[in-house]
Amino acid sequence: MGRLFDFMLPENKSPLTADSTDGLFHFINEASLVLFLGVVLAMIYFAIRYKRKSEDDKTPVITHNNTLEITWSVIPLLITFVVFGWGYSGWLNLKTVPDDAYEIHVTGFKWNWSVNYENGAQTINEIHVPKGTPIKLVMQSRDVLHSFFVPEYRVKHDVLPNRYTYVWFQAEEAGESQVFCTEYCGTSHSNMLAKVIVHEPDDFKTWLDENGGTPSGSPVEQGEKLVSLQGCQTCHSVDGSDLIGPSFKGIWGRDRNLADGSSVTVDENYIRESILYPGEKIAEGYQNVMTPYEGRISDEEITNIIEYLKTID
Amino acid sequence: MANVSTSANSAASTPMKLKVKQFQPAQTPTNTYLTDEKGVWAWLTTVDHKKIGLMYLGSVAFFFALAGFLAIALRTELWTPAKTFIEADTYNQLFTLHGAMMVFFVLVPSIPAALGNFILPMQLGAKDVAFPRLNLASFYIYVFGAIFTFLSLANNGFDTGWTFYTPYSSDTNSAGIIWVTLGVFILGFSSILTGTNFITTIHKLRAPGISWDRLPLNVWALYATSIIQVLATPVLAITILLLAMENILDIGIFDPALGGDPVLYQHFFWFYSHPAVYIMIVPGFGIISEVITTFSKKTIFGYWAIALSSLAIAFIGFLVWGHHMFTSGQSAVATTIFSFLTFLVGIPTGIKIFNWVATLYRGSISMKTPMLYVFIFIFLFSIGGFTGIMLGALSVDIHLHDTYYVVAHFHYVMMGGTLIALLAGLHYWWPKMTGKMYNEPLAKIAAGFIFIGFNVTFLPQFIMGAQGMPRRYYNYIDQFTPFHQTSTIGSYILALGFLIILYYLAHSLFKGKKAGPNPWNSRGLEWQSTSPPDFHNFSHTPVVIHGPYDYHQPIEEFQLGLAVEHGHGEKYLAADATGSEAAETTSA
């Protein structure tokens, strides 16, 4: 390989989706460089060659030249047709998911990526996939627009609240790839990161089996797991540090001042309300930015979370 | 006014004789538009297109300084991957404000409303625009729009990005968003009225002899721009009304929670905002054509190719908005068509660049500051154009969309294009507007700072964008640090360049050498008047027998006017009485 503009692109870890894009990227860059140098060098050459010698210089009357006009219209037009066709075919490839693709569900919400697997396994901000298999991510948003972007696979698609969208890729080696949110979504947009973790196929199976099935453990253990999986810790710390929302540390049973000047005791009902309808009571000094969990979390899960919160002091 | 255009029309149809004499603009005019009415009140209530143009210029410069200052703050924050000195929410508000101000308060009005207002009637040999009072109204509407935007800052501000995408913008509980959208709504009317005014002026107020094939290319560009302004801006108003209906009356249009569709909002938004890109850049093309001929002392190469490509861009520009939405979830058929049309709009732009370079061939090229900016323009704008082709290509855009590559691309087009063209025009027409020259060596040094600073700022952004750095990021991952730091250093160099400009232009106002009517020896009609011009631009209604780029014709033949001086209106009757007498020269 070794193309002139290789330094611009990140590593290609999913050749099936990235190769066509990379090829076209290099073609446009190289063709542009030739044309750009042509224009700029001609301009500089003329400026030197035809530098003004006196204010009485006479210049020829050259009004137009149809042959030239047609040449420099048609040649770029033909080049852009090539670029269009190449881009179109590459894009069709990105849109066409192989039939044997392995499906994983991804939900974006402020400011996390929640991932669900076929056997009930769930992860947050980590997408575990086997290598050498086409993966289809079926994506939706719980609140505003987000966009799922993996530079090393050259795939990106907006994630919408009212419909499913998808991307596919096939990672060819085990390792990690960075995921970014690329549609602006508020305060922590730039922290809405995730990793694709690519396993050897056997390791993936093992990982999936270990993490699947129904949740188990004591209510406190389940609550702790939920707080992690639901992405609560992006905004609420458990060590007392101040993030986008109030910390969970030592809140149980305390009085909390609210933005409207009143105060409330942190008890079961306050926590339940704050999870389901976070806009109802805003803690003093914080913004109303949390996504409501109404309809997205069961009563049993809320109870478990409450049990866990009681234990953090 | 009516009388003058009547005689122009009849001169075109029947070869009626006009009594014409040569008039030479005075070296040092005694009475100019600057001395005609004095005092703050006279300025605020003036209907003179030149003063209104200057008031726009001052406002645009003010907003540019403010939004530029924000840009420096943003770049400084990005010096480190985590917090440098401002909070995430503040950062988000600042980049939104930077974008919204630069687009709506600087780029859209910059060339047409500021320079265009001043120059257009002069290039047509008219005394003013067609509707002078409407022109003043446009300015005040612009000011009101700006005030509303600042009111939003007093109401929690807004952090949606200048695109106001739903449902983020409708979910946000900040009252600021209402104020800023109202501000943009009001501002749109300013744009529509200016456009209407220019179209009418170009059709009705051309001096005798200015046929469509003798229209300066700057006028063609403003004409194309005005058409876009009049046709596209109402869609912005409609979009904002729908947004308000949703927010206030809870009618579901864009918000999925109410049964609306956020992608619909993007269609509406870009239906205006893509043509708006051409509202910003096409007037820049006009300036380049004027400056490149003057400083090559040569007729323009491919007059019709340049004139008609502006119109082609204006029309095709309406049909490409969907290329902002390749990853949005719009239909596959739409995506394909939008990509194809996007390439078509690139062609007329390329044609212009080739024609400008061809104009240089065998010219007599003088590298004065305006010409230096033209060279910088062609350099930077070409990069902007080629990277636009990159972003039009479907598969590649999927990778590059919403990364710093896009940020770099539109800064190359909008700043490297529009703003550099504005600087070219400002340095070109400054002697005409003020009657003073500026410090030429200092101006060239400033241009050097701007050229270097610009590239140091934005070239690294292409690389980090292609590497995957998303836009609108307050924090970033460590691997992008060197690119961000280079970019930040570049922005300081850029700022220094603008400070130098501010210094020598202020110096020129007070201590600049007298310019004389035509310091560049241009054949343009606006240069056949005194500097600064008379209140009514010319002492005689000009009569035009050559094209604006006929550098092979002697300058005397560009200094013709109706034999009777025009004053403030009272002398037209006299002009009519003598107009039918024997005459020297006229043209059909």
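Computed from a prediction, not measured in an experiment: that's the story for all the values here. Throughout, a residue's number is its position along its own chain's written sequence, starting from 1. Think of it this way: whatever chain is written first is A, whatever ligand is written first is 1, and the rest follow in order. In keeping with the model being predicted, local features are shown solely for residues with a pLDDT of at least 70 and side-chain atom pairs are shown and tallied solely at 80 or more, while totals for entire chains, interfaces and linings include all residues.

1. Considering the packing of helix 8 (residues 176–204) of chain B against helix 9 (residues 217–249) of chain B
All names here are of chain B.
Then comes step 1: Angles shown run from 0 to 180 degrees and are taken between the N-to-C directions of axes, each axis being a line fitted to C-alpha atoms and, for helices, limited to the stretch in contact. Counting from the N terminus, the helices are the DSSP runs of H or I reaching at least four residues and the strands are the DSSP runs of E reaching at least two. Interaxial distance between helix 8 and helix 9 falls to 8 Å at its minimum, and their mutual angle equals 155 degrees. Taken as axis vectors, helix 8 and helix 9 run roughly antiparallel relative to one another. Our pair here, helix 8 against helix 9, has a crossing hand that is left-handed.
Then comes step 2: Grouping the constituent residues of the contact of helix 8 with helix 9 by class yields 17 nonpolar, 10 polar and no charged. Throughout this description, any angle smaller than 35 degrees is read as roughly parallel, any larger than 145 degrees as roughly antiparallel, any in the 65 to 115 degree range as roughly perpendicular, and the remainder as oblique. Should the near helix be turned anticlockwise from the far one by less than a right angle, the crossing is left-handed, and should it be turned clockwise, the crossing is right-handed. The nonpolar class holds Ala, Val, Leu, Ile, Met, Phe, Trp, Tyr, Cys and Pro. Asp, Glu, Lys and Arg form the charged class, and all remaining residues, Gly among them, are polar.

2. Things to note about the nonpolar core
Then comes step 1: Throughout this description, the term nonpolar core refers to a group of buried Ala, Val, Leu, Ile, Met, Phe, Trp, Tyr and Cys residues whose C-beta atoms join them within 7 Å. The exposure label follows from counting other C-beta atoms within 10 Å of a residue's C-beta, where the C-beta atoms are placed from the backbone and the thresholds are 20 or more for buried and 12 or fewer for exposed, leaving partly exposed in between. B:Ile288, B:Val374, B:Ile376, B:Phe377 and B:Ala424 are the most contacted members of the largest nonpolar core, which has 232 residues in total.
Then comes step 2: Counting residues per element, this core draws most heavily on helix 5 (residues 88–124) of chain B, which supplies 23 residues.
Then comes step 3: What counts as a domain boundary in this text is fixed by an automatic or database domain assignment. Split by domain, this core shows at least three residues from each of two domains, domain 1 (6–44 + 64–95) and domain 2 (102–211) of chain A.
Then comes step 4: Excluding residues within four positions of it along the chain, B:Ala424 makes contact with B:Ile287, B:Ile288, B:Val291, B:Pro370, B:Tyr373, B:Val374 and B:Phe377. For the purpose of contact definition, each residue receives a C-beta atom placed from its backbone, and two residues are in contact when these atoms lie within 7 Å.

3. Comments concerning the sheet that holds strand 2 (residues 112–116) of chain A
Residues and elements named next belong to chain A.
Then comes step 1: At least two bridges found by DSSP between two strands is the condition for calling them paired. Pairing within the open sheet is mixed, and its five strands lie in the order 3-2-1-5-8. Two strands bound the open sheet, and with one partner strand each, they are strand 3 (122–124) and strand 8 (165–169). Between one strand axis and the next, the sheet turns through 25 degrees on average, direction left out of account.

4. Quick notes on helix 9 of chain B
Residues and elements named next belong to chain B.
Then comes step 1: Residue count minus one, scaled by 1.5 Å, sets the expected span of a helix. In this model, helix 9 (33 residues) spans 47 Å end to end at C-alpha, consistent with the 48 Å of a helix rising 1.5 Å per residue.
Then comes step 2: Each residue is assigned a bend, namely the angle between axes fitted to the seven residues that terminate at it and the seven residues that start at it. The largest bend along helix 9 reaches roughly 30 degrees and is located at Val230, with the proline Pro234 sitting one to four residues downstream.
Then comes step 3: A positive backbone phi angle near 60 degrees is found at Asp250, which sits one or two residues after helix 9.

5. What to know about unusual backbone geometry
Then comes step 1: A cis geometry characterises the amide bond from A:Lys110 onward to A:Trp111, with omega recorded as -5 degrees.
Then comes step 2: Note that A:Trp111 resides in the loop between strand 1 (102–109) and strand 2.
Then comes step 3: A cis geometry characterises the amide bond from B:Thr166 onward to B:Pro167, with omega recorded as 0 degrees.
Then comes step 4: Locating B:Pro167 in the fold gives a position in the loop between helix 6 (132–154) and helix 7 (168–171).
Then comes step 5: If you check the backbone angles, B:Asn521 has positive phi at about 55 degrees while not being a glycine.

6. Notes on the interface of chain B and chain A
It is common to give the size of an interface as the accessible area lost on bringing the parts into contact.
Then comes step 1: On the chain A side, the residues contacting the 74 residues of chain B number 71 residues.
Then comes step 2: Among the elements of the structure, helix 5, helix 7, helix 11 (303–316), helix 12 (332–360), helix 13 (369–392), helix 14 (394–400) and helix 16 (440–467) of chain B are those that each provide at least two residues to the side of chain B that touches chain A.
Then comes step 3: Class assignment for the residues of the side of chain B that touches chain A results in 41 nonpolar, 25 polar and eight charged.

7. Some details on the pairing of strand 6 (residues 146–150) of chain A
Residue and element names in this part refer to chain A.
Then comes step 1: Most of strand 6 is tucked away, with five of its five residues classed as buried.
Then comes step 2: The two faces of strand 6 match: His146, Phe148 and Val150 on one face and Ser147 and Phe149 on the other face are all buried.
Then comes step 3: Taken together, strand 6 and the strand that follows it, strand 7 (residues 155–159), pair antiparallel across an intervening segment of four residues, in which Arg154 is found at a positive phi of about 60 degrees.
Then comes step 4: The pairing of strand 6 with strand 9 (residues 175–181) spans two bridges and is antiparallel. Looking at strand 9, one finds that Phe149 is bridged to Phe180.

8. Comments concerning the domain arrangement of chain A
Then comes step 1: Per the domain assignment, the segments making up chain A are domain 1 (6–44 + 64–95), domain 2 (102–211) and domain 3 (219–310).
Then comes step 2: Here the C-alpha centroids of domain 1 of chain A and domain 3 of chain A sit 52 Å apart.

9. Looking at the pairing of strand 5 (residues 135–141) of chain A
Residues and elements named next belong to chain A.
Then comes step 1: Along strand 5, the buried face is formed by Ile135, Leu137, Met139 and Ser141; none of Lys136, Val138 and Gln140, which line the opposite face, is buried.
Then comes step 2: Note that strand 1 and strand 5 share seven bridges and pair parallel. When the bridges of strand 5 are listed, Ile104 appears paired with Leu137.
Then comes step 3: Across five bridges, the pairing between strand 5 and strand 8 is antiparallel. Bridge pairing links Ile135 to Phe169 in strand 8.

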